[in-house]
Amino acid sequence: MVLQAREGFLITSRAHVLVATAVPVERDAVAEAFTSPVVEVTLPGRTLHRTGTLDLVAAGVGPALAASSTASALTAAALRGAPYDLVVCAGIAGGFAPHAPVGSLVVADDIVAADLGAETPDGFLPVTELGFGTVGHRPPESLVRDLAAATGALTGGVLTVSTVTGSAARAAELRSRHPHALAEAMEGFGVAEAAAAHGTPVVEIRAVSNPVGPRDRVAWRIGDALAALTEGFGKLAPVLESWTQHDRNQ
Ligand SMILES: O=C(O)c1cccc(C(=O)CC[C@H]2O[C@@H](n3cnc4c(=O)[nH]cnc43)[C@H](O)[C@@H]2O)c1
């Protein structure tokens, strides 16, 4: 939240929010929900699209590039004295049928690195069981609740994978390891790791474009999912803008 007016800073008490999508069409679908003009701001390797108190970045596909792009944006904001209050990872996703149908919106109550670990003869071991790091980030409960209430979105786990699921067997395996998961995508955990390094709360919002399962790329309903993303952000804009730091950990 920017409380002070200085040259080049926003004069506002509304939350300063970074939205990270994978690709530009997702970023533009989010931007369409807002009426303020878009101003482009160049960062090392990335361009921010600024609309009001919201900055949008097409952070790239996959957790590594998404983490690096998000970290750049967070660091640049901190260095100019206007740190973000909240990071939102947004975009399209695969939905676990029948729980998250195509066209539905999902707000993550858990952002899970689903393939970060080791395969063993007895099954998959998360990296935490190998003694390293973390495999999940939990968005603030009150924010998840308010976003879901504003949009009618489903709430549940959103898995981050580096390889898009392409078979029924893999989909079933992921759901058996994560029974609460509603969707899979490729950036959430990377974005969340960057946010965590800055102590910034994070949430993930996904519109379902395809079922998780046997690969059928031509059947992906990308247009419908992008429209659901625009509609969802139109409804949740007031919730994001009124997000305040004291809501953390609630
Ligand atoms: O081809 C297009 O027009 C197009 C438009 C918007 C987005 C795309 C993408 O390919 C985005 C890739 C992005 O989508 C997420 N995603 C969507 N479905 C799945 C899935 O079943 N499993 C994992 N990830 C999925 C993911 O976050 C990708 O980064 C294309």
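Bear in mind that the values here come from a model prediction, so they are computed numbers and not experimental data. (Residues numbered from 1 in each chain as written. Predicted model: local features only at pLDDT ≥ 70, side-chain atom pairs only at ≥ 80, totals over all residues. Heavy atoms only, no water.)

Draft legend 1. Just the site of the ligand, in detail. The immediate surroundings of the ligand are formed by 18 residues, with Val25, Glu184, Met186, Glu187 and Asn210 found nearest. Residue Gly94 places a main-chain N or O atom 3.3 Å away from a nitrogen atom belonging to the ligand. The contact in question runs from a nitrogen atom of the ligand to an N or O atom on the side chain of Glu184, over 2.6 Å. In the complex, the protein chains occlude 82% of the 600 Å² of accessible area that the ligand would expose alone. Here the ligand occupies the largest pocket. Counting residues per element, the ones that place at least two in the shell around the ligand are strand E5 (86-95), strand E11 (181-185) and strand E12 (202-211). (Near = heavy atom within 4 Å. Polar contact = N/O pair within 3.5 Å; in protein donor to acceptor, adjacent residues only side chain to side chain. Areas by Shrake-Rupley, 256 points an atom, 1.4 Å probe, with all protein chains shown as cover. 1 Å grid on protein atoms, 1.4 Å probe; cavity = no way out; pocket = protein on both sides within 12 Å on 5 of 7 lines; lining within 4 Å. Sits in = over half its atoms within 2 Å of the grid points. Helix = DSSP H or I, 4+ residues; strand = E, 2+ residues; numbered from the N terminus.)

Draft legend 2. Summary view of the UniProt feature "domain: Nucleoside phosphorylase" (unreviewed entry) in the chain. UniProt records the feature "domain: Nucleoside phosphorylase" (unreviewed entry) for residues 51-214 in the present numbering. Across residues 51-214, helical content stands at 29% and strand content at 35%; the span's end C-alpha atoms are separated by 38 Å. (UniProt positions renumbered as here; feature names shortened; annotations may be inferred.)

Draft legend 3. A look at the packing of aromatic side chains. Per the stated rule, a full pass over the model turns up 0 aromatic pairs. Between Arg177 and the ring centre of Phe124, over which it is positioned, the NZ or CZ distance is 3.9 Å. (Phe/Tyr/Trp six-rings, centres within 6.5 Å; stacked < 30°, edge-to-face > 60°. Lys NZ or Arg CZ within 6 Å of the ring centre and 35° of its normal.)

Draft legend 4. Geometry of the side chain of His178. Relative to the elements of secondary structure, His178 occurs in the loop between helix H4 (168-177) and E11. By relative accessible area, which is 19% here, His178 ends up buried. With residues near it in sequence (within four places) discarded, His178 still touches Val112, Ala114 and Leu159. (Buried < 20%, exposed > 50% of the residue type's maximum accessible area, 1.4 Å probe, protein only. Contact = heavy atoms within 4.5 Å.)

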